[in-house]
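Residue-level listing of the chains:
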Amino acid sequence: MAEKTQKPGWKSLPKGDVIEGGGTAREFKTGDWRSERPVHIPEKCIHCLTCWIYCPDSAIVTKDGKFVAFDYKYCKGCGICAHECPVKGKAIKMVSEKEAKKNEKICQK
Amino acid sequence: MSKINVVARTGNEAMAEAMRQINPDVVAAYPITPATEIVQIFASYVSDGLVDTEFVPVESEHSAMSACIGSSAAGGRTMTGTSSQGLALMAEILYVASGLRLPIVLAEVNRALSSPINIHCDHSDTMMVRDAGWIQIFSENAQEAYDNMVQAVKIAETAALPTMVTTDGFIISHGMERIEIFEDKDVKDFVGPKKLGQYLLNLEKPITLGALDLQDYYFEHRRQLAEAMIDSKNIILDVAKTFKDKFGRAYGLFESYKLDDADRAIVVMGSTAGTAKVVADGLRAKGIKAGVLKLRVFRPFPKAEVAEALKNIKAVAVMDRSDTISGHEGPLALEVKAALFDSNIKKEVPDYIFGLGGREVRLEDIESVYKDLGDIIDGKSKDRVTYLGVRE
């Protein structure tokens, strides 16, 4: 019946749906239910970081004021970055996750 | 013992007076008849500078309780007031308050629920949220409303459970009575500073509150809530004892009025208990051993204690000021019967659903209930449920 588990029982859990400590959202990987992912086109990118400002999941990695990568562990694939990208012809395009994974496999081969 | 001031107050004024003396950090409220005055009077205390409270006038009761949750979660002592449809609109958020274990205190004036629209007393609203995880304390009169409000803050914060104190719409809320109020400083001493457990504005100990809680944790949190409600019974009694030591008036989970040698008794909540006591006194003058069990605390329900108090009484009736519309008894009768059943006490317990929508309950109505109990003692069976005072 009851699965064997290390999770705390009701007597030892913090009271009232409280999670102790801050920054716990970091532990929640929101990138695993994405259906589309943003793909960066470096030759078009002007590094304005509009995508970084708009990303609701802080999933744009930057260094020295420049775009570096998407953090796919947290990117939900909402597409706001691609929509807001001000570059003519867009420096970010949305690709279906299925397609992207297929390409990943081809690259690995 | 505290110095006492004798004043004339309505139930609403008495509750507002208690709130002034408690001086909470935040009151967020929306007006609704017959509870409007409580927060209206309190708002004037705020504008007159008599309290330090942040008053948040919101656009609905749903928002009122939501604001109360924000305030209480942040660490503030928080109160509000409502009635009927207002409590119904709050219902969703009442569950959030108890789930987060926030000690919000709500002054609730019992009023019928629509439809048909009606502004007068019955207990349908409070009974509708009886399983919301709130402590529920009923008052017989304005004095008890005041005393219960003063105690509620301490109860809620010790139990880490939200608590509602109820009065009966218009009968108590608008009825002017002689009541005894305490000195401001004595109330302040009694309630003490707010006990802060975990709260959002504690920068030393950050917490996440109200996270998604699916199959693997929700059940444990609900079990904790059930345990808190079980434990709150002793907290309510402890607070009542401290209250008696300081202010002199005794409170329990219920009041046993002339029950010790009674052969017949009525179980009832709220203002009707006062009427029932008058009838019991009248019957006693004629040599009939009548008693009243006035339930004060409906949640947590004092199951074993109620059964113990009723076990030697030959005939017991319950009077319910609301209906479950279930084809059988009202909510109070269901609880009382379950209590008796689990204590192996077999009794015929007729239920009288009365006073819906403010229908007057007269001395003769209650006399008729005692008369039915006399018939049961004489071996005659009675209807399981009677709609008392309804026109056929």
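Just so we're clear, the structure is a prediction, and the values are computed from it rather than from any experiment. (Residues numbered from 1 in each chain as written. Chains lettered and ligands numbered in written order. Predicted model: local features only at pLDDT ≥ 70, side-chain atom pairs only at ≥ 80, totals over all residues.)

Enquirer: Which residues make up the overall build of chain B, and what are the values?
Expert: Looking only at helices and strands, chain B features 12 helices and 16 strands. Here chain B has a C-alpha radius of gyration of 21 Å; the compact-globule value for 392 residues is 21 Å, and the two agree. Put simply, 80% of the contacts in chain B that link residues at least 6 apart link residues at least 24 apart. (Helix = DSSP H or I, 4+ residues; strand = E, 2+ residues; numbered from the N terminus. Rg over C-alpha atoms; globule rule 2.2 N^0.38 Å. Contact = placed C-beta atoms within 7 Å.)

Enquirer: So, helix H8 (residues 218–247) of chain B: which residues are in play, and what are the values?
Expert: Residue and element names in this part refer to chain B. Taking 1.5 Å per residue as the helical rise, H8 with its 30 residues ought to reach 44 Å, and the 41 Å between its terminal C-alpha atoms agrees with that figure. A bend of about 30 degrees at Ser-232 is the largest found in H8. Inspection of H8 places Gln-224, Leu-225, Ala-228, Ser-232, Lys-233, Ile-235, Ile-236, Val-239 and Ala-240 among the buried residues, and these make up the whole buried set. Along its buried surface, H8 packs onto helix H4 (84–99), strand S6 (135–138), helix H6 (142–159) and strand S13 (297–299). The positive-phi residue at the C-terminal boundary of H8 is Gly-248, with phi of around 95 degrees. (Expected span 1.5 Å × (residues − 1). Bend = angle between axes of the 7 residues up to and from the residue. Buried ≥ 20, exposed ≤ 12 C-beta atoms within 10 Å, placed from the backbone.)

Enquirer: Can you break down the sheet that holds S6 of chain B residue by residue, with the values?
Expert: Residues and elements named next belong to chain B. Reading across the sheet, the 7 strands line up as S3-S2-S4-S5-S7-S6-S13 and stay open at both edges, with mixed pairing between neighbours. Two strands lie at the open edges of the sheet, namely strand S3 (54–57) and S13, each paired on one side alone. Sheet twist, expressed as the mean angle between neighbouring strand axes with direction ignored, is 20 degrees. Of the pairings in the sheet, the one linking S6 to S13 comprises 2 bridges and is antiparallel in character. (Pairing = 2+ DSSP bridges. Axes fitted to C-alpha atoms, helices over the stretch in contact; angles between N-to-C directions.)

Enquirer: Lay out the interface of chain B and chain A in plain terms, naming residues and giving numbers.
Expert: Taken together, the contact pairs 17 residues of chain B with 13 residues of chain A. Of all the elements, H8 of chain B adds the most residues to the side of chain B that touches chain A, at 4 residues. Of the residues assigned to the side of chain B that touches chain A, the class counts are 6 nonpolar, 6 polar and 5 charged. Judged from the 3 bridges that link them, strand S1 (residues 18–20) of chain A and strand S9 (residues 207–209) of chain B form a sheet pairing that is antiparallel. Following the sheet pairing, Ile-19 of chain A is matched in S9 of chain B by Thr-208 of chain B. (Nonpolar A, V, L, I, M, F, W, Y, C, P; charged D, E, K, R; others polar.)

Enquirer: Go over the sheet that holds strand S15 (residues 351–354) of chain B with me, naming the residues and quoting the values.
Expert: All names here are of chain B. With respect to topology, 6 strands assemble into an open sheet ordered S10-S12-S11-S14-S15-S16, the strand pairing being mixed. Bordering the open sheet on either side are strand S10 (254–257) and strand S16 (385–388), each of which pairs with just one other strand. Across the sheet, the axes of successive neighbouring strands diverge by a mean angle of 20 degrees, strand direction being ignored. Pairing geometry for S15 and S16, over 4 bridges, is parallel. Residue pairing across strands places Asp-351 opposite Val-385, the latter belonging to S16. Its contacts with the sheet place helix H12 (residues 363–377) against strand S11 (264–269), strand S12 (290–295), strand S14 (315–320), S15 and S16, and it is angled at close to 150 degrees to S14.

Enquirer: I'd like a description of the domain arrangement of chain B, backed by residues and values.
Expert: Residues and elements named next belong to chain B. Here chain B is partitioned into domain 1 (4–247) and domain 2 (254–388). The C-alpha-based centres of domain 1 and domain 2 are spaced at 28 Å. At the junction of the two partners, domain 1 supplies 26 residues and domain 2 supplies 20 residues. Broken down by secondary-structure element, the contributors of at least two residues to the side of domain 1 that touches domain 2 are helix H5 (124–128), S6 and H8. A total of 5 residues in the side of domain 1 that touches domain 2 trace back to one element, the largest contributor, which is H8. Residues that form the side of domain 1 that touches domain 2 fall into these classes: 13 nonpolar, 8 polar and 5 charged. (Domains from an automatic or database assignment.)

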